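What follows is the residue order along each chain.
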Amino acid sequence: MPLAQTVAIGDGANDLDMLNAAGLGVAFNAKPVVRQAAHTAVNVPFLDTVLYLLGITREEVEAADFGEDDLPH
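Residues numbered from 1 in each chain as written. Predicted model: local features only at pLDDT ≥ 70, side-chain atom pairs only at ≥ 80, totals over all residues. Heavy atoms only, no water.

*Asks:* I'd like to hear about the pairing of strand E2 (residues 24-28), residue by residue, with values.
*Replies:* Taken across its five residues, E2 has four buried, putting it largely inside the fold. Relative to E2, strand E1 (residues 7-10) is paired through four bridges, and the arrangement is parallel. What sits directly across from Val7, in E2, is Leu24. Crossover handedness for the path E1 to helix H1 (residues 16-21) to E2: right-handed. Between the parallel elements E2 and strand E3 (residues 40-42), the chain passes through helix H2 (residues 32-37) in a crossover that is right-handed. (Buried < 20%, exposed > 50% of the residue type's maximum accessible area, 1.4 Å probe, protein only. Helix = DSSP H or I, 4+ residues; strand = E, 2+ residues; numbered from the N terminus. Pairing = 2+ DSSP bridges. Right-handed = clockwise from strand over helix to strand, strands pointing away.)

So this is what it looks like as structure tokens:
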């Protein structure tokens, strides 16, 4: 897979190389130096927020969690 099609999520200085190498580097509740270096930053308590940043809907998440046939109707 080309690096341009990857997403990396990190919060500390040890993640900077990874964030910069990825097609999209997301600073998650990160220190200021990491937020400045990343492509974008998210400062919320739940990591699943990044899924919505990527355009993945709650329905798609639930379908992946339960399988299409296991979703409540």
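*Asks:* An account of the nonpolar core is requested, with residue identities and associated values reported.
*Replies:* Listed in full, the seven residues of the largest apolar core are Ala8, Leu19, Ala22, Ala27, Ala30, Val34 and Ala38. In this structure Leu19 touches Ala8, Ile9, Gly10, Gly25, Val26, Val34, Ala38 and His39, once residues within four positions along its chain are discounted. (Core = buried A, V, L, I, M, F, W, Y, C linked by side-chain atoms within 4.5 Å. Contact = heavy atoms within 4.5 Å.)

*Asks:* Could you give an account of unusual backbone geometry, naming the residues involved and the relevant values?
*Replies:* The backbone phi angle of Asn29 is positive, close to 45 degrees, even though this residue is not glycine. Note that Asn29 resides in the loop between E2 and H2. By relative accessible area, which is 38% here, Asn29 ends up partly exposed.

*Asks:* Tell me about the sheet that holds E2, and name the residues and values.
*Replies:* Spatial ordering of the open sheet is given by E1-E2-E3, a layout of three strands whose pairing is parallel. Lying at the two open borders of the sheet, with one neighbouring strand each, are E1 and E3. Ignoring strand direction, the axes of neighbouring strands in this sheet form an average angle of 25 degrees. Looking at chain direction, E2 and E3 are connected through three bridges and run parallel. Bridge pairing links Ala27 to Ala41 in E3. (Axes fitted to C-alpha atoms, helices over the stretch in contact; angles between N-to-C directions.)

*Asks:* Tell me about a nonpolar patch on the surface, and please be specific about residues and values.
*Replies:* Taken together, Val7, Ile9, Leu47, Leu53 and Leu54 make up a surface patch of nonpolar side chains, about 390 Å² in accessible area. With respect to the element layout, Leu54 can be found in the loop between helix H3 (49-53) and helix H4 (58-66). The partly exposed category is assigned to Leu54, whose relative accessible area is 38%. (Patch = residues over 30% accessible without salt bridge, like charges linked within 9 Å, V, L, I, M, F, W, Y side chains within 5 Å. Areas by Shrake-Rupley, 256 points an atom, 1.4 Å probe, with all protein chains shown as cover. Salt bridge = Lys/Arg side-chain N within 4 Å of Asp/Glu carboxyl O.)

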